[in-house]
Amino acid sequence: MTTILVTGGTGTLGRLVTERLREDGHEVRVLSRRTQPYAVDLREGGAALDAAVSGVDTVVHCASAQKGDEQGAAHLIRAARAAGVRHLVYISIVGVDRVPFGYYKSKLAVERMVEQSGIGWTALRATQFHDLLVMMLQGLSKLPVLFLPAGVRDQPVEVAEVADRLVELAAGEPAGRVEDMGGPEVRTFESLARAYLKASGRRRAVVNVPLWGAAYRAFRSGGHLAPQRAVGTGTFEAYLEGRFGGGQVRTGSGRSRA
């Protein structure tokens, strides 16, 4: 078994990756901004980051933010290279090279930094998590009318399944960019929104609104989708049942998440 550092190890994905790695017998260090003993802001780096990566064989980089990802990745790569880390695993997003959206551009830049790091690397791109989609719909449904971007589809994936795949990759040899991971269904935003409203017991009128700009056109054309890699098994309805109906969401590996 190896020593593995999980950045963003208290987040939605990182927490599950950490749990599964420990279940498999690995020694796991959790790096986040507020969790001791490895409380580190990657955007600042420094001696605390050097201590966190010292003696680590593999880093699973799950930490992400709307700003500062590239700076944080530069600090992490420098520290990992100095510490002799053997394997750097990075989770990215399907479509970062096709959708000119600010956050996606940053994720693509970090991908390229990982590739050029001089460390053995693996990168997995996944479609959006069910959790993120629900968070977005919760925000949109605060108004009496739920406005949606017209003509946009999505392919949400169960985060626990992505965690299982990252654990598998972290335990293996560096593999470069592996095949994308998408949810089981490509759905219109409207169908996903109506499923959310039904599950959460909210009543809202749904209105599709045409938008503008290069990012919207790319989303509308499906640049963020991977229909040929619909390998996830957890559907959006199954996730909603687990979240709002008191059940459990099963993952493809047989593990479950309440």
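Residues numbered from 1 in each chain as written. Predicted model: local features only at pLDDT ≥ 70, side-chain atom pairs only at ≥ 80, totals over all residues. Heavy atoms only, no water.

Novice: What exactly am I supposed to notice about the packing of aromatic side chains here?
Specialist: For any pair of aromatic rings, the description consists of the separation of the ring centres together with the inter-plane angle of the planes. Across all of its chains, the model carries four aromatic pairs by this definition. Aromatic side chains Tyr104 and Phe219 sit 5.7 Å apart centroid to centroid with 75 degrees between the ring planes, which places their arrangement in the edge-to-face category. Linking Tyr104 in helix H4 (residues 102–115) with Phe219 in helix H8 (residues 214–220), this pair joins segments that are 115 residues apart in sequence. For the pair Tyr104 and Phe219, a shared accessibility class is recorded, and that class is buried. Where Tyr196 meets Phe244, the ring centres are 6.0 Å apart and the plane angle is 65 degrees; that geometry is what we call edge-to-face. (Phe/Tyr/Trp six-rings, centres within 6.5 Å; stacked < 30°, edge-to-face > 60°. Helix = DSSP H or I, 4+ residues; strand = E, 2+ residues; numbered from the N terminus. Buried < 20%, exposed > 50% of the residue type's maximum accessible area, 1.4 Å probe, protein only.)

Novice: Quick question: what am I supposed to make of unusual backbone geometry here?
Specialist: What is expected of a backbone is that most residues other than glycine have negative phi and most peptide bonds are trans. Note the cis peptide between Gln36 and Pro37, where omega equals 5 degrees. One can find Pro37 in the loop between strand E2 (27–31) and helix H2 (47–53).

Novice: Explanation requested: the sheet that holds strand E5 (residues 120–126) in the structure shown.
Specialist: The strands that make up a sheet pair up through hydrogen bonds in the backbone, lying either parallel or antiparallel. The six strands are arranged E2-E1-E3-E4-E5-E8 in an open sheet whose pairing can be described as parallel. Each end of this open sheet is capped by a strand with a single partner; those strands are E2 and strand E8 (176–177). Across the sheet, helix H3 (residues 69–83) is in contact with strand E1 (3–7), strand E3 (58–61) and strand E4 (87–93); its angle to E3 comes to roughly 175 degrees. (Pairing = 2+ DSSP bridges. Contact = heavy atoms within 4.5 Å. Axes fitted to C-alpha atoms, helices over the stretch in contact; angles between N-to-C directions.)

Novice: Hey, could you run me through the nonpolar core in this one?
Specialist: Among the nonpolar cores identified, the biggest contains 26 residues, and Tyr104, Leu137, Leu148, Tyr196, Phe236 and Leu240 are the most heavily contacted of them. For this core, the secondary structure elements donating two or more residues are H4, helix H5 (130–140), strand E6 (145–149), helix H7 (189–200), H8 and helix H9 (236–244). Broken down by element, the residue count for this core peaks at six residues, all from H7. With near-sequence residues (within four places) excluded, Tyr196 lies in contact with Val134, Leu137, Gln138, Ser141, Arg202, Phe236, Leu240 and Phe244. Formed by 25 residues, the second largest nonpolar core is a distinct cluster that contains Ile4, Leu21, Val60 and Cys62. (Core = buried A, V, L, I, M, F, W, Y, C linked by side-chain atoms within 4.5 Å.)

Novice: Which parts of the structure should I look at to understand the UniProt feature "domain: NAD(P)-binding" (unreviewed entry) in the chain?
Specialist: When the UniProt feature table is mapped onto this chain, "domain: NAD(P)-binding" (unreviewed entry) is found at residues 8–131. Span residues 8–131 is 40% helix and 19% strand, its end C-alpha atoms 16 Å apart. (UniProt positions renumbered as here; feature names shortened; annotations may be inferred.)

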